[in-house]
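Notes for the structure review
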Amino acid sequence: LHTVVQSAKQFATDILVVDDGSTDGAIETIRNLDVNIVQHKTNRGKGEAILSGARWAAANGYSHIITMDADGQHKASDIPLFVEKLNTFPLSIIVGARNFEATDTPDSSKFGRKFSNFWVRVSSGSSISDSQSGFRAYPLEVLNKVKCYSTRYNFEVEILVRAVWAGVILK
């Protein structure tokens, strides 16, 4: 991955909601908001949702996406921190780290994160503090060039490992 990122919309803040086949009617509650929506008729998995968002972003002139899970674990007010990192490291994947010590996070979740972090380090040689965080910034160039086979939650770990193998730096 060698090209320099240049786009008029490189760090704009349009919001895209990817509805991955939800059946609870939640998407109807945001239809009147100033957001863009991509809908999957059926659940395709988190990896496919991320890639659908990336395709939408590329088609609309963007060079990066920032993903946030809709489970309330991430603060939109932290997005400027991602943009700041992207300005310095435009071809890196930026991964937010949740603070499990400040919450009543179950021990099983803490173990899962530690195990996943260990697997990423062993597989790629790169250390990251929260390989399962859904708060990330991806250069579209990385998502377009790094082939992954997972389409569900395991996509998030696979893209990190395969990106490092392709020479991408994780931050």
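Located above this text is the structure these notes cover.
What you are looking at is a predicted structure, and each value in this text was computed from that prediction instead of being measured.

In this section: the overall build of the protein. Summing up its helical and strand segments, the protein has 5 helices and 5 strands in all. Along the chain direction, N to C, the helices and strands of the protein fall in the order β-β-α-β-α-β-α-β-α-α. The C-alpha atoms of the protein give 16 Å as radius of gyration, which agrees with the globular expectation for 171 residues (16 Å, within 12%). Its C-alpha atoms put the protein at 45 × 40 × 30 Å along the principal axes.

All chains considered together, the criterion is met by 9 salt bridges. For Arg31, the salt bridge is made with Glu28, and the minimal N-O distance between the two is 3.3 Å. Residues Asp130 and Arg113 are paired through a salt bridge, measuring 3.4 Å at the closest nitrogen-oxygen approach. A residue pair is termed long-range when its members are at least 10 positions apart, and Asp130 in the loop between α3 (107-124) and β5 (136-139) and Arg113 in helix α3 qualify at 17 residues. A relative accessible area of 0% places Asp130 in the buried class. One connected set of salt bridges, linked through shared partners, spans Lys46, Asp69, Arg136 and Glu156.

This part covers a nonpolar patch on the surface. Taken together, the side chains of Phe111, Phe115, Phe118, Trp119 and Val122 make up a nonpolar region of the molecular surface, amounting to roughly 570 Å² of accessible area. Following the sequence through the fold, Phe115 ends up in helix α3.

Strands pair in a sheet through their backbones, by hydrogen bonds, and they do so in one of two ways: parallel or antiparallel. Strands sit in the order β3-β5-β4 across an open sheet of 3 strands; the sheet is antiparallel. Lying at the two open borders of the sheet, with one neighbouring strand each, are β3 (64-67) and β4 (94-95). Pairing analysis gives 4 bridges linking β3 to β5, with the strands arranged antiparallel. When the bridges of β5 are listed, Thr67 appears paired with Arg136.

How each quantity is defined
- Residues numbered from 1 in each chain as written.
- Predicted model: local features only at pLDDT ≥ 70, side-chain atom pairs only at ≥ 80, totals over all residues.
- Heavy atoms only, no water.
- Helix = DSSP H or I, 4+ residues; strand = E, 2+ residues; numbered from the N terminus.
- Rg over C-alpha atoms; globule rule 2.2 N^0.38 Å.
- Salt bridge = Lys/Arg side-chain N within 4 Å of Asp/Glu carboxyl O.
- Buried < 20%, exposed > 50% of the residue type's maximum accessible area, 1.4 Å probe, protein only.
- Patch = residues over 30% accessible without salt bridge, like charges linked within 9 Å, V, L, I, M, F, W, Y side chains within 5 Å.
- Areas by Shrake-Rupley, 256 points an atom, 1.4 Å probe, with all protein chains shown as cover.
- Pairing = 2+ DSSP bridges.

Worth remembering: the numbers are spatial, not functional.
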